Amino acid sequence: MIIYGLSCRRGHRFEGWFPHAEDFEAQKEKGLLSCQVCGDTCIEKAALAKASTVSSFETQTLAVSADLDAATVLKAVRHYVTTHFENVGDRFAETVRAISRGEEKGRPIFGQASPEEREKLEEEGLPCAVLPELGDEYKN
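Residues numbered from 1 in each chain as written. Predicted model: local features only at pLDDT ≥ 70, side-chain atom pairs only at ≥ 80, totals over all residues. Heavy atoms only, no water.

## Observations regarding a negative patch on the surface
A cluster of acidic side chains, namely Asp90, Glu116, Glu117, Glu119, Glu122 and Glu123, defines a negative patch on the protein surface. Looking at the secondary structure, you find Glu119 in helix 4 (residues 115-123). (Patch = residues over 30% accessible without salt bridge, like charges linked within 9 Å, V, L, I, M, F, W, Y side chains within 5 Å. Areas by Shrake-Rupley, 256 points an atom, 1.4 Å probe, with all protein chains shown as cover. Salt bridge = Lys/Arg side-chain N within 4 Å of Asp/Glu carboxyl O. Lys, Arg positive; Asp, Glu negative; His and termini not counted. Charge placed at Lys NZ, Arg CZ, Asp CG, Glu CD. Helix = DSSP H or I, 4+ residues; strand = E, 2+ residues; numbered from the N terminus.)

Printed below as a string of structure tokens:
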């Protein structure tokens, strides 16, 4: 996964996540890229980071440029999870357990779990993470 810092002619900065380096150009040529703030389609890039994953999805690493604020990083992570992981809704804890027992195919998932369910998963050696909500000012 390649992460590019993107900007429009008005200087708005945001991130774009692409499976491969050439995907940025392909999406730009098709007019699929636009500024998240003003809608401008004249987008430029600068390489910021590269993410790598392992097939088990148990370990993922991400190097992020220090010039990005936390909200931008969280927004990018939230977008990546919601577009690349399966939403299992309120069946999250049940699905995690089924995957760990081999009853369901291993895959990246997200969903909802109560604090009590998350604590039980941790006790069972099945760690999970909370994906922070972002305020309305970060939604577009």
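## Some words on the nonpolar core
Counting residues in each nonpolar core, the largest one holds ten residues, listed as Ile2, Tyr4, Leu6, Cys8, Phe14, Phe18, Phe24, Leu33, Cys35 and Ile43. At three residues, strand 1 (residues 2-7) tops the list of elements feeding residues into this core. (Core = buried A, V, L, I, M, F, W, Y, C linked by side-chain atoms within 4.5 Å. Buried < 20%, exposed > 50% of the residue type's maximum accessible area, 1.4 Å probe, protein only.)

## So, the packing of aromatic side chains
Inspection of the entire model under this criterion finds two aromatic pairs. Judged by centre distance (5.0 Å) and plane angle (35°), the rings of Trp17 and Tyr80 are tilted. Taken together, the residues Trp17 in strand 2 (residues 13-18) and Tyr80 in helix 2 (residues 70-84) connect sequence positions 63 residues apart. The exposure classification of Trp17 matches that of Tyr80, with both residues buried. With 6.3 Å between their ring centres and 75° between their planes, Tyr80 and Phe85 make a pair best called edge-to-face. Neither Tyr80 nor Phe85 differs from the other in exposure class; each is buried. Taken together, the ring pairs connect Trp17, Tyr80 and Phe85 into an aromatic cluster. (Phe/Tyr/Trp six-rings, centres within 6.5 Å; stacked < 30°, edge-to-face > 60°.)

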